[in-house]
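# Observations on the three-dimensional arrangement
So you can see what is in the structure, the chains are spelled out below.
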There are 2 protein chains.
Amino acid sequence: MRISELSSATGVTVPSIKYYLREGLLPQGELTSANQASYADSHVQRLKLIRALIDVGGLAVATAKDVLGAIDDTSLPLTCVFGIAQRAVSDTSLYEPVEGETDGTRQVRETIDRMGWHVSSDNPGIQGAARVIDTYTRVGHPELAQIWEGYAEAAELIARADLATVARNERLEAMAETVVVGTVLGDALVSSLRRMAQEHISNLQFPAPKE
Amino acid sequence: MRISELSSATGVTVPSIKYYLREGLLPQGELTSANQASYADSHVQRLKLIRALIDVGGLAVATAKDVLGAIDDTSLPLTCVFGIAQRAVSDTSLYEPVEGETDGTRQVRETIDRMGWHVSSDNPGIQGAARVIDTYTRVGHPELAQIWEGYAEAAELIARADLATVARNERLEAMAETVVVGTVLGDALVSSLRRMAQEHISNLQFPAPKE
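Reading guide: rules and limits
Every chain begins its residue count from 1, and numbering advances along the sequence as written. Ligands are numbered from 1 and chains lettered from A, in the order in which they are written. In view of the model being predicted, local features appear only for residues whose pLDDT reaches at least 70, and side-chain atom pairs are presented and counted only at 80 or more, with totals across whole chains, interfaces and linings using the full set of residues. In computing side-chain properties, one takes all heavy atoms of the structure into account and sets aside hydrogens as well as water. Stacked, edge-to-face and tilted are the three classes for Phe, Tyr and Trp ring pairs, Trp counted by its six-membered ring, which pair at centre distances within 6.5 Å; planes under 30 degrees apart are stacked, over 60 edge-to-face, the rest tilted. Between two residues, a contact is recorded if the distance between any of their heavy atoms is within 4.5 Å. Buried area: the sum, over both parts, of the accessible surface (1.4 Å probe) that disappears when the two are put together. The working definition used for a salt bridge is a side-chain nitrogen of Lys or Arg within 4 Å of a carboxyl oxygen of Asp or Glu. Two N or O atoms form a polar contact when they lie within 3.5 Å of each other; inside protein one atom must be a possible hydrogen donor and the other a possible acceptor, and for residues adjacent in sequence the pair counts only when both atoms belong to side chains. A helix here means a DSSP run of H or I that spans at least four residues, while a strand means a run of E at least two residues long, and both kinds are numbered starting from the N terminus. For every residue, the accessible area (1.4 Å probe, protein chains only) is compared with the maximum for its type, and the residue is labelled buried under 20%, exposed over 50%, or partly exposed between those bounds. Each domain's limits were defined by an automated method or a database of domain assignments. Side-chain classes follow a simple rule in which Ala, Val, Leu, Ile, Met, Phe, Trp, Tyr, Cys and Pro form the nonpolar group, Asp, Glu, Lys and Arg form the charged group, and the remainder, Gly included, forms the polar group. Axis angles are defined between N-to-C directions and span 0 to 180 degrees, where every axis is a line fitted to C-alpha atoms and, for a helix, only to the segment in contact. Any angle that is under 35 degrees is reported as roughly parallel, and any over 145 degrees as roughly antiparallel; angles of 65 to 115 degrees are reported as roughly perpendicular and all others as oblique. One less than the residue count of a helix, multiplied by 1.5 Å, gives the span that helix is expected to have. Two strands qualify as a pair provided that DSSP identifies no fewer than 2 bridges between them.

## Remarks on the packing of aromatic side chains
Tallied over the entire structure, the rule returns 2 aromatic pairs over all chains. For the ring pair Y19 of chain A and Y20 of chain A, a centre distance of 5.9 Å and an interplane angle of 50 degrees mean the geometry is tilted.

Here it is as structure tokens:
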């Protein structure tokens, strides 16, 4: 199909498609003349994926390019694809390295030990969690740091669901794509469910006064 | 203390403090002369809270003002404080209303029923979850939508931990602050823990080849 048809099929404007082609997020089409190319169904699929990562997942274009590269590199072990996807969604100041050892980093390490997790020292979650815990203490709410118990169990349930879903794919290529999409969009899904569950539990425990 | 001492005590610059005073995030100090005011320990605490919400929680200044207002209004039932805090952290395009009924909104309602949750129709989580599920389908990964089971159970664990922590506070005012801080920063804590648990479980299920 032509670029105009690719645009109609995906709802992505022609200038945006040209931008993704130029930046290397979308593979070039097959040249059919000096200034015309033909695009396949795989381009439709890739474009939808690009928009999902950017519009729903909130990734920057350069970050989306990195994770798409991880999907395309079929020699990468799946654990590495996870690592790349995790780093992509952790590209905010929250996950920047904390200076030295803090109460937060100590508490994170204790939790990792207690849960029996094997986690490499450069996992971005360590920095993110330590920063949140240190902030809880700094704003005078150390009781929030005790929230660990329930959260860590929940995180393990989430990760088990993540991996079970990845394993359902039979093709390795599709697995890598599931890892990326699930990691980038899964945070939003968990936060959304947390909002619903919070409303339910808070109504049970602190019912609003009847009018 | 003077504004310069308030700045030293919190690490927030004087221009930023003046900005927060002007925007109404920080209450005015007590005037000691025509152009000098005195600030109390409560100002130190409030400034730390403002910076936590903005720097770590990623809230916009106007949004931070809304949630601080919810903390200060002691007549608000706690369930309403939760609602305001949730809406504050849901102030992104992810949570904008989905047009009409979609597969996603239907699946969200089924999950709410299955879990036995009571959730009002304007809970931002409904829109967020529906949008993620619709995106999974659109990018050709409907298997990811089946991830619900584990995620919903995990979300309930998280919400129970949230509420148990809130209930540990004895003063209502401190409770409202715990709700706001825990809701705004808790998403980041959960995401961080998910990154660690994912690494652990993916190494168990898909070990990287030994060198």
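Next comes the rest of the description.
## Re the interface of chain A and chain B
Between chain A and chain B, the contact holds 92 residues from the first and 92 residues from the second. A buried area of about 8,100 Å², summed over both sides, lies between chain A and chain B, and 68% of it is on carbon and sulfur atoms. On the surface where chain A and chain B come into contact, there are 6 salt bridges. A salt bridge links R194 of chain B to D162 of chain A; its shortest N-O distance comes to 3.1 Å. Inspection of the region where chain A meets chain B yields 34 residue pairs in polar contact (both at pLDDT 80 or more). Going through the elements one at a time, α3 (41-56), α5 (78-89), α6 (103-115), α7 (124-138), α8 (148-167) and α9 (172-205) of chain A are the ones with two or more residues in the side of chain A that touches chain B. Residue contributions to the side of chain A that touches chain B peak at 27 residues, all from α9 of chain A.

## Regarding the environment of R168 of chain A
You can see R168 of chain A is positioned in the loop between α8 and α9. Between the alpha carbons of R168 of chain A and T178 of chain A there is a distance of 9.7 Å; along the sequence they are 10 residues apart. The residues touching R168 of chain A, leaving out its near neighbours within four places in the chain, are E143 and Q146 of chain B.

## Examining the environment of G104 of chain B
Residue and element names in this part refer to chain B. If you trace the backbone, G104 turns up in helix α6 (residues 103-115). Of the residues examined, G104 reaches a relative accessible area of 0% and is grouped as buried. Contacts of G104, omitting those with residues within four sequence positions, involve A130, I133 and D134.

## So, the domain arrangement of chain A
All names here are of chain A. Annotation of chain A at the domain level lists domain 1 (1-56) and domain 2 (60-205). Once you take the C-alpha centre of each, domain 1 and domain 2 turn out to be 31 Å apart. Counting residues at the interface gives 12 residues for domain 1, matched by 12 residues for domain 2. Counting the surface lost from both domain 1 and domain 2, the interface buries some 1,000 Å², and carbon and sulfur atoms represent 75% of this. Joining domain 1 to domain 2, the criterion identifies 1 salt bridge. Inspection of the region where domain 1 meets domain 2 yields 3 residue pairs in polar contact (both at pLDDT 80 or more). Listed by contribution, the elements that provide at least two residues to the side of domain 1 that touches domain 2 are α2 (14-23) and α3. The leading source of residues in the side of domain 1 that touches domain 2 is α3, at 8 residues. A per-class count over the side of domain 1 that touches domain 2 returns 8 nonpolar, 2 polar and 2 charged.

## Notes on the pattern of salt bridges
Any two side chains of opposite charge can pair, on the condition that their charged atoms come close. Tallying each qualifying case throughout the model produces 16 salt bridges over all chains. Across the pair R195 of chain A and D187 of chain B runs a salt bridge, and its minimum N-O distance is 2.7 Å. Here R195 of chain A is found in helix α9, whereas its partner D187 of chain B is found in helix α9 (residues 172-205) on a different chain. Judged by its relative accessible area of 13%, D187 of chain B is buried. The closest approach of N and O atoms between E156 of chain B and R160 of chain B, which form a salt bridge, is 2.9 Å. Here E156 of chain B and its partner R160 of chain B are both found in helix α8 (residues 148-167), 4 residues apart, which amounts to about one turn of the helix. Assessed through its relative accessible area of 16%, E156 of chain B is described here as buried.

## Remarks on the packing of helix α4 (residues 61-72) of chain B against helix α5 (residues 78-89) of chain B
Residue and element names in this part refer to chain B. Closest axis-to-axis distance for the α4/α5 pair is 9 Å, and the angle between their directions is 170 degrees. The pairing of α4 with α5 is recorded here as roughly antiparallel in orientation. Counting all contacts with α4, which are made through T63, D66, V67 and A70, the residues of α5 involved are V81, I84, A85 and A88. When the residues that make up the contact of α4 with α5 are grouped by side-chain class, the tally is 6 nonpolar, 1 polar and 1 charged.

## Notes on the side chain of T111 of chain B
With respect to the secondary-structure elements, T111 of chain B resides in helix α6. Separated by 3.0 Å, the side chain of T111 of chain B and the backbone oxygen of Q107 of chain B make a polar contact.

## Thoughts on the environment of G125 of chain B
With respect to the helices, strands and loops of the structure, G125 of chain B is situated in helix α7 (residues 124-138). As a C-alpha pair, G125 of chain B and I112 of chain B span 13 residues in sequence and 11 Å in three-dimensional space. The residues touching G125 of chain B, leaving out its near neighbours within four places in the chain, are S192, R195 and M196 of chain A together with Y95 of chain B.

## Quick notes on α6 of chain A
All names here are of chain A. Here α6 spans 18 Å end to end across 13 residues, near enough to the 18 Å set by a 1.5 Å rise per residue. Between the side-chain oxygen at the start of α6 and the backbone nitrogen of G104 there is a gap of 3.1 Å, and the oxygen is on T102. Looking one or two places after α6, you find G116, whose phi comes out positive at around 70 degrees.

## Some remarks on the pairing of strand β1 (residues 30-33) of chain B
All names here are of chain B. Pairing of β1 with strand β2 (residues 36-38), which is carried by 3 bridges, proceeds in the antiparallel orientation. By the bridge assignment for β2, E30 is matched with S38. Taking the residues that link successive antiparallel strands as the turn, the β1-β2 hairpin has 2 residues.

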